[in-house]
Amino acid sequence: MTMLTIWSETEPTEPVLRTSDPLRIGDELAAVGITFDRLEVRDDVDASSSQEQVLDSYAALIERLCASQGYTLVDVAQLHLTPESPEELLETATAARARFLNEHTHDEEEIRFFAHGSGVFYLHIGERVLAMLCTKGDLLSVPALTTHWFDMGTLPDFTAIRFFRSDDGWVGSFTGSDIASRFPTFDELTQAPSNA
Ligand SMILES: [Fe+2]
């Protein structure tokens, strides 16, 4: 379930807010400049869908967002692992997870629409950390230069449509902070009770 958890940056064990109410989530994120929306989902997309099938199924949404927001590049990122997945795939997933698990920024907006599965964006804004557990139907836009990290969990299972404004603005600049290691992981958050 989509869920927002907020902590003080110095109190990773005591959330000041945890909610699954989409309106409350939207308000909290809008207050710090993050765009969040729940969009209509397509039933013909699941973990077995190819990138082309995902792009086809969501063609109308993609066209609408590109026209209104000026995105010029769209692709699909997906990983679907289970405990039974081959060792080689599990190692690939571990490496993919590690890449953006440390705090970083981009010179461009980071926009993701979750067509399947889930992932957590941790936004370090001011003196707070906001963890946004995104699930199917969630659109999240993280503005350029926002410090954040992303956790897809030890067994990643997600399909995300990614939107870009250019083909070179989305590289990570790492802050060198170890703050990510002090906060609950994707695995811990997805087992946390929600107080919507
Ligand atoms: Fe990022």
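Shown above is the structure to which this text applies.
Residues numbered from 1 in each chain as written. Predicted model: local features only at pLDDT ≥ 70, side-chain atom pairs only at ≥ 80, totals over all residues. Heavy atoms only, no water.

A word on the pairing of strand S8 (residues 128–134)
For S8, the buried fraction is high: six of the seven residues fall into the buried class. In this structure, strand S1 (residues 3–8) lies alongside S8, joined through six bridges in antiparallel fashion. Among the inter-strand pairings, Ser8 is bridged to a residue of S8, identified as Arg128. Across seven bridges, the pairing between strand S7 (residues 119–125) and S8 is antiparallel. Bridging from a neighbouring strand, His124 pairs with Val129 of S8. The hairpin formed by S7 and S8 contains two residues between the paired strands, and Gly126 there has a positive phi angle of roughly 60 degrees. (Buried < 20%, exposed > 50% of the residue type's maximum accessible area, 1.4 Å probe, protein only. Helix = DSSP H or I, 4+ residues; strand = E, 2+ residues; numbered from the N terminus. Pairing = 2+ DSSP bridges.)

A few points about the pattern of salt bridges
Under the counting rule described, the total for this entry stands at eight salt bridges. For Asp75, the salt bridge goes to Arg162, with nearest N and O atoms at 2.8 Å. With a gap of 87 residues between them, Asp75 in strand S4 (residues 73–80) and Arg162 in strand S11 (residues 157–164) connect regions that are remote in the sequence. A salt bridge links Arg165 to Glu109; its shortest N-O distance comes to 2.4 Å. With Arg165 in the loop between S11 and strand S12 (173–174) and Glu109 in the loop between strand S5 (104–105) and strand S6 (110–117), the pair connects residues that are 56 residues apart, well separated along the chain. (Salt bridge = Lys/Arg side-chain N within 4 Å of Asp/Glu carboxyl O.)

So, the nonpolar core
Note on soluble globular proteins: their nonpolar side chains tend to be buried together. Within the largest apolar cluster, 26 residues are counted, with the highest numbers of intra-cluster contacts made by Leu4, Leu29, Phe121, Met132 and Leu140. Mapped by element, the contributors of at least two residues to this core are S1, helix H1 (22–30), helix H4 (87–99), S7, S8, strand S9 (138–142) and S11. In this structure, Leu140 is in contact with Leu29, Ile34, Thr35, Phe36, Glu110, Ile111, Arg112, Phe121, Met132 and Cys134, ignoring residues within four places of it in sequence. Counting 16 residues, the second largest nonpolar core, distinct from the first, contains Ile62, Ile111, Ile161 and Phe163. (Core = buried A, V, L, I, M, F, W, Y, C linked by side-chain atoms within 4.5 Å. Contact = heavy atoms within 4.5 Å.)

Concerning the coordination of the iron ion
For the iron ion, the full set of protein donor atoms is His104 (NE2), His106 (NE2), Glu110 (OE) and His148 (NE2), and the range of their distances to it is 2.1 to 2.2 Å. In the primary sequence, the donor residues of the iron ion line up as H-x1-H-x3-E-x37-H. In this pair, His106 is assigned in the loop between S5 and S6 and His148 in strand S10 (residues 147–151), connecting sequence segments 42 residues apart. There is no split in this pair, since His106 and His148 are both buried. (Donors = N, O, S within 2.8 Å, 3.2 Å for Na, K, Ca; no water.)

Let's talk about unusual backbone geometry
Here the phi dihedral of Leu145 falls at roughly 70 degrees; this positive angle occurs in a residue that is not glycine. Along the polypeptide, Leu145 turns up in the loop between S9 and S10. Note on Leu145: relative accessible area 58%, which makes it exposed.

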